[in-house]
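For reference, the chains in residue letters:
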Amino acid sequence: TAAKGLRKPRSIRLQITLTVWALLAVSFGISNVLLLGAATKSLVGNIQNQLEDESKYLSFTIERWQYEIETTLKLLADTPTIKNKRTEDFTSLLSAASSAYPDREWRIRDRSGNLLAHTGPQLSEHQPPQVIRRRGYFRNALSGKFDLQVGSSPMLKQIGRAHV
């Protein structure tokens, strides 16, 4: 009775046709699986290469940015305005630095941590000098060491106030 539902084809031609179609379907399925595997492997390789290239580019960009900032800070520190502590000229000096790097805020502090001049909006989160004096970057600056510290620039606020 179960065999009634699955009748054998009556002609040899039909049997051969069905067998060929079954083999074609199986080979088509296998070739699609193999092609999908090869395409996936190629795609993953391309994505890895692209991510490596982008990482190298970002690393270079950060290194270049750090070099530019370090060079600018050294140039500013060597200006007669800073060396002679002419506080009346600090604003024009920082204006020039700010026009070269508009996304950066510049601050000049004395050895005690008092804020002498700055660029950008009015400081609402002004840190008292005793807090500034305890910061590692400030102590490093007093000893003549360069210390790249990024606080809360607008760009960093957009990425969750991260620190570099």
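Residues numbered from 1 in each chain as written. Predicted model: local features only at pLDDT ≥ 70, side-chain atom pairs only at ≥ 80, totals over all residues. Heavy atoms only, no water.

A separate point is the confidence of the model for the protein. Confidence in the prediction for the protein averages 79 pLDDT; 80% of positions are at 70 or higher. Averaged over each element, pLDDT in the protein is lowest for helix H7 (residues 154-158) (44) and highest for helix H2 (residues 12-77) (91). Residue range residues 152-164 is modelled with pLDDT below 50. Its contacts to residues more than four positions away, or to other chains, number 14 contacts. (pLDDT = per-residue confidence, 0-100. Helix = DSSP H or I, 4+ residues; strand = E, 2+ residues; numbered from the N terminus. Contact = heavy atoms within 4.5 Å.)

Remark: a regular strand shows side chains that alternate across the two faces of the sheet. Pairing of strand E1 (residues 107-109) with strand E2 (residues 115-118) involves 3 bridges; the strand directions are antiparallel. Of the residues in E2, the one forming a bridge with Arg107 is His118. In this structure, the hairpin formed by E1 and E2 is closed by a connection of 5 residues, where Gly113 is found at a positive phi of approximately 95 degrees. (Pairing = 2+ DSSP bridges.)

Turning to the nonpolar core, a few remarks are in order. By size, the foremost hydrophobic cluster in this structure holds 10 residues: Ile69, Leu76, Phe90, Leu93, Leu94, Ala97, Tyr101, Trp106, Ile108 and Ala117. Listing elements by their share of this core, those giving two or more residues are H2 and helix H4 (90-100). The dominant element in this core, judged by the number of residues it contributes, is H4, at 4 residues. Aside from chain neighbours lying at most four places away, what touches Leu93 is Leu76, Thr79, Thr81 and Ile82. (Core = buried A, V, L, I, M, F, W, Y, C linked by side-chain atoms within 4.5 Å. Buried < 20%, exposed > 50% of the residue type's maximum accessible area, 1.4 Å probe, protein only.)

Along the chain, the position of Thr119 falls in the loop between E2 and helix H5 (129-134). At 2.8 Å, the side chain of Thr119 forms a polar contact with the backbone nitrogen of Trp106. What Thr119 contacts, discounting residues up to four positions off in sequence, is Leu94, Ser98, Arg104, Glu105 and Trp106. (Polar contact = N/O pair within 3.5 Å; in protein donor to acceptor, adjacent residues only side chain to side chain.)

With respect to the secondary-structure elements, Thr72 resides in helix H2. Leaving out residues up to four positions away in the same chain, Thr72 has contacts with Tyr101 and Trp106.

The full count for this structure, using the stated rule, is 3 salt bridges. For the salt bridge of Arg64 with Glu68, the shortest nitrogen-to-oxygen distance reads 3.6 Å. With Arg64 and Glu68 both in helix H2 and 4 residues apart, this pair spans about one turn of that helix. For Lys74, the salt bridge identified is with Glu70, shortest N-O distance 3.2 Å. Taken as a pair, Lys74 and Glu70 lie in helix H2 at a separation of 4 residues, close to a single helical turn. (Salt bridge = Lys/Arg side-chain N within 4 Å of Asp/Glu carboxyl O.)

Further remarks concern the packing of aromatic side chains. With the rule as written, the count across this model stands at 1 aromatic pair. Between Tyr101 and Trp106, the aromatic rings sit 6.2 Å apart at their centres with planes inclined by 55 degrees, giving tilted as the arrangement. (Phe/Tyr/Trp six-rings, centres within 6.5 Å; stacked < 30°, edge-to-face > 60°.)

This part is about H2. In a regular helix each residue adds 1.5 Å, so 66 residues correspond to 98 Å; H2 covers 96 Å between its end C-alpha atoms and thus fits that length. The complete set of buried residues in H2 reads Ile69, Thr72 and Leu76. (Expected span 1.5 Å × (residues − 1).)

Okay, H4 next. Considered for burial, the residues of H4 that qualify are Phe90, Leu93, Leu94, Ala97 and Ser98. Buried residues along H4 cover an arc of 135 degrees about the axis, so they all sit on one side. Turned more than 90 degrees off the buried face of H4, the exposed positions are Thr91 and Ser99. Against the buried residues of H4 lie H2, helix H3 (80-83), E1 and E2. (Arc of directions from axis to C-beta.)

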